[in-house]
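Analysis of the macromolecular model
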Amino acid sequence: MPRPRIITDEQIVEAARAVFLEQGFSATTAEIARRAGISEGTLFKRFATKEDLFEEAVGLRDSAAWREELVVGTGDVRRNLERAALRFLDAAARIVPSLMLIFSRGHAPDHNPMLERLGNPIRRDADALAAYLRAEVALGRVRPIDTDVTALTLMGTLTHYVHRELMTPEAGREPLDAGRFVRSLLDVLWPGLEP
């Protein structure tokens, strides 16, 4: 009978998060294991790679959960887009500050294996949004449009909001409420999408 686990995966992830925030992606798995109070072998039994542990610690595994709002043929398309956009911004608010801190330390971006592994998540997000819009066009729930351009427009605007509000906030300026931003953005875009 195997020994019961003394430390949970969540405790390991918390230790990893603390180490990554202090040392960046260049933090060693030996230091993470030491901080968690386990052996490095145990660490790798729970998380196959340092990158897997990093994704879990920063919350990257859940970063595409906003796409769950884009169920073709269900609900109101505008409301689906609003909910998806709000979830995207909510995920960014949780993830971006940690990523900025972590990537400001450690390896230079051109030698950071985590950046290589991440690839281009905004492109994947835009492609997923374009696929949703294409399917809704085919159902007649969105008028015929260039879905790629529309998806890039929406994702570009959302990422600009993330940059402005989360990455480079202005001292003394009230942040723009995400709900107000998303509703107003769809007020502008929806007339061009409405069937």
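**Points about the overall build of the protein**
- Counting its secondary structure elements, the protein contains 9 helices and 0 strands.
- Each helix and strand of the protein, ordered N terminal to C terminal, gives the series α-α-α-α-α-α-α-α-α.
- Within the protein, the proportion of its 195 residues that are buried is 39%.
- Across the protein, the fraction of contacts at a sequence separation of at least 24, relative to all contacts at a separation of at least 6, is 67%.

**What to know about the packing of helix 1 (residues 9–23) against helix 2 (residues 29–36)**
- It is the contact of helix 1 with helix 2, at a shortest axis distance of 9 Å, that shows an interaxial angle of 130°. Taken together, the axis directions place helix 1 and helix 2 in an arrangement best described as oblique. By crossing handedness, the relation of helix 1 to helix 2 is classed as right-handed. For the pair formed by helix 1 and helix 2, the contact residues are Ile12, Ala15, Ala16, Ala18, Val19, Phe20, Glu22 and Gln23 on the first element and Glu31, Ile32, Arg35 and Ala36 on the second.

**Brief notes about helix 1**
- Under the 1.5 Å per step criterion, the end-to-end length of helix 1 is 21 Å for 15 residues, consistent within 8% with the ideal 21 Å.
- Along helix 1, the positions that sit buried rather than exposed are Ile12, Val13, Ala15, Ala16, Val19 and Phe20. Down the axis of helix 1, the sector holding all buried residues measures 160°, keeping them to one side.
- Remark: glycine 24 follows helix 1 within two positions and exhibits a positive phi of approximately 80°.

**Observations regarding helix 9 (residues 178–193)**
- Across its 16 residues, helix 9 extends 21 Å between first and last C-alpha, which sits within 8% of the 22 Å expected from 1.5 Å per residue.
- In the structure, helix 9 departs most strongly from a straight axis at aspartate 187, where the bend amounts to approximately 35° and where the proline proline 191 lies between one and four residues downstream.
- Among all positions of helix 9, only Gly179, Phe181, Val182, Leu185, Leu186, Leu189, Trp190 and Leu193 are buried.
- For helix 9, the side-chain oxygen to backbone nitrogen distance between the N-cap and glycine 179 is 3.1 Å, and the N-cap itself is aspartate 177.

**A closer look at the pattern of salt bridges**
- According to the stated counting rule, one finds 17 salt bridges in the structure shown.
- Glutamate 68 serves as the salt-bridge partner of arginine 87, at 3.3 Å between the closest nitrogen and oxygen. Here glutamate 68 lies in the loop between helix 4 (50–58) and helix 5 (77–103) and arginine 87 lies in helix 5, a separation of 19 residues in the sequence.
- Arginine 87 gets classed as partly exposed once you look at its relative accessible area, which sits at 30%.
- Taking relative accessible area as the criterion, glutamate 68 reaches 53% and is therefore assigned exposed.
- The shortest N-O distance in the salt bridge between arginine 78 and glutamate 82 comes to 2.7 Å.

**Structural notes on the side chain of glutamate 31**
- Mapped onto the elements of the fold, glutamate 31 is located in helix 2.
- When its relative accessible area of 16% is taken as the criterion, glutamate 31 is described as buried.
- A polar contact is formed between the side chain of glutamate 31 and the side chain of arginine 34, at a distance of 2.7 Å.
- Each residue touching glutamate 31, except ones within four places of it in the same chain, is listed here: Val19 and Gln23.

**Details of the confidence of the model for the protein**
- Averaged over all residues, the pLDDT of the protein is 85; the fraction at 70 or higher stands at 85%.
- The lowest-confidence element of the protein is helix 6 (residues 113–118), averaging 61 in pLDDT; the highest-confidence one is helix 9, averaging 96.

**Notes on the environment of phenylalanine 88**
- Structurally, phenylalanine 88 can be placed in helix 5.
- A relative accessible area of 9% means that phenylalanine 88 is categorised as buried.
- The spatial distance from the C-alpha of phenylalanine 88 to the C-alpha of arginine 67 is 8.3 Å, given a sequence separation of 21 residues.
- If near-sequence neighbours (up to four positions away) are discounted, phenylalanine 88 is found in contact with Trp66, Ile122, Asp125, Met155, Leu158, Thr159 and Val162.

Conventions used here
Residues numbered from 1 in each chain as written. Predicted model: local features only at pLDDT ≥ 70, side-chain atom pairs only at ≥ 80, totals over all residues. Heavy atoms only, no water. Helix = DSSP H or I, 4+ residues; strand = E, 2+ residues; numbered from the N terminus. Buried < 20%, exposed > 50% of the residue type's maximum accessible area, 1.4 Å probe, protein only. Contact = heavy atoms within 4.5 Å. Axes fitted to C-alpha atoms, helices over the stretch in contact; angles between N-to-C directions. Parallel < 35°, antiparallel > 145°, perpendicular 65-115°, else oblique. Left-handed = near helix turned anticlockwise from the far one by under 90°. Expected span 1.5 Å × (residues − 1). Arc of directions from axis to C-beta. Bend = angle between axes of the 7 residues up to and from the residue. Polar contact = N/O pair within 3.5 Å; in protein donor to acceptor, adjacent residues only side chain to side chain. Salt bridge = Lys/Arg side-chain N within 4 Å of Asp/Glu carboxyl O. pLDDT = per-residue confidence, 0-100.

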